[in-house]
Amino acid sequence: MVQVFKNIFQSLGWAFVLYNVEAVLGSQFLCPFLRGNLVSLLIALLAINATSLGIVLTKIRDIMDRQGVSKGFEKTQAVMLFSIKEQIVLIFVSVILLMLDGSKLIVGYDQVMVFVRVGVITCFVYAMMVLYDTAKSIFIVLK
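Residues numbered from 1 in each chain as written. Predicted model: local features only at pLDDT ≥ 70, side-chain atom pairs only at ≥ 80, totals over all residues. Heavy atoms only, no water.

Things to note about helix α2 (residues 30-67)
Step number 1: With 38 residues, α2 ought to run about 56 Å at 1.5 Å a step, yet its terminal C-alpha atoms sit only 48 Å apart, falling short of that.
Step number 2: The largest bend along α2 measures about 60° and falls at asparagine 37.
Step number 3: In the segment just after α2, glycine 68 is the residue with positive phi, at about 75°. (Helix = DSSP H or I, 4+ residues; strand = E, 2+ residues; numbered from the N terminus. Expected span 1.5 Å × (residues − 1). Bend = angle between axes of the 7 residues up to and from the residue.)

Details of the pattern of salt bridges
Step number 1: Following the criterion strictly, the structure yields four salt bridges and no others.
Step number 2: Taking the shortest distance from any N to any O, the salt bridge between aspartate 65 and arginine 61 comes out at 3.7 Å. With aspartate 65 and arginine 61 both in helix α2, this residue pair falls four residues apart, about one helical turn.
Step number 3: We classify arginine 61 as partly exposed; its relative accessible area is 40%.
Step number 4: Two residues, aspartate 101 and arginine 117, come together in a salt bridge whose shortest N-O distance is 3.0 Å. Of this pair, aspartate 101 sits in helix α3 (residues 74-101) while arginine 117 sits in helix α4 (residues 110-142), and the two are 16 residues apart along the sequence.
Step number 5: One salt-bridge network, in which partners are shared between bridges, spans Arg35, Asp101 and Arg117. (Salt bridge = Lys/Arg side-chain N within 4 Å of Asp/Glu carboxyl O. Buried < 20%, exposed > 50% of the residue type's maximum accessible area, 1.4 Å probe, protein only.)

Side note on the nonpolar core
Step number 1: Grouped together as the largest cluster of nonpolar side chains are 34 residues, with contacts concentrated most on Leu34, Leu38, Leu42, Ile60, Leu90, Val120 and Ile121.
Step number 2: For this core, the secondary-structure elements that each account for two or more residues are α1 (2-25), α2, α3 and α4.
Step number 3: For this core, the element with the highest residue contribution is α4, accounting for 13 residues.
Step number 4: If we ignore the near neighbours within four places in the chain, the residues touching isoleucine 121 are Ala15, Leu18, Tyr19, Leu30, Cys31 and Leu34. (Core = buried A, V, L, I, M, F, W, Y, C linked by side-chain atoms within 4.5 Å. Contact = heavy atoms within 4.5 Å.)

Following this line, the structure appears as structure tokens:
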């Protein structure tokens, strides 16, 4: 659970940096792009990660069968399932934040708008971190 909070704060930090870089550059790319594509991206990343984890679990099963071991990877499987749950939560959180981003209730509150937009970017950054962790696991298992 400590790692989850570490990832959340790291994602928040990167999101804040990206939001401010966009503001300094006077760009209007990242926030509108994520507004239109974030949920689709998160669902695609969930599919990619689920498939990748399936490959990793298949390889782990092969290793277990070769070693004649029936147990020993329960923690690994639990962590993999948790990463899928994380991504599902990210999808729901991003939907809520995107609804807030377009809401008439917060349009007049600049600080709240910044918070919501940084939250949207945070969801994207967190998903990228999950994807990176999954990719690392593939390379570890293939070694």
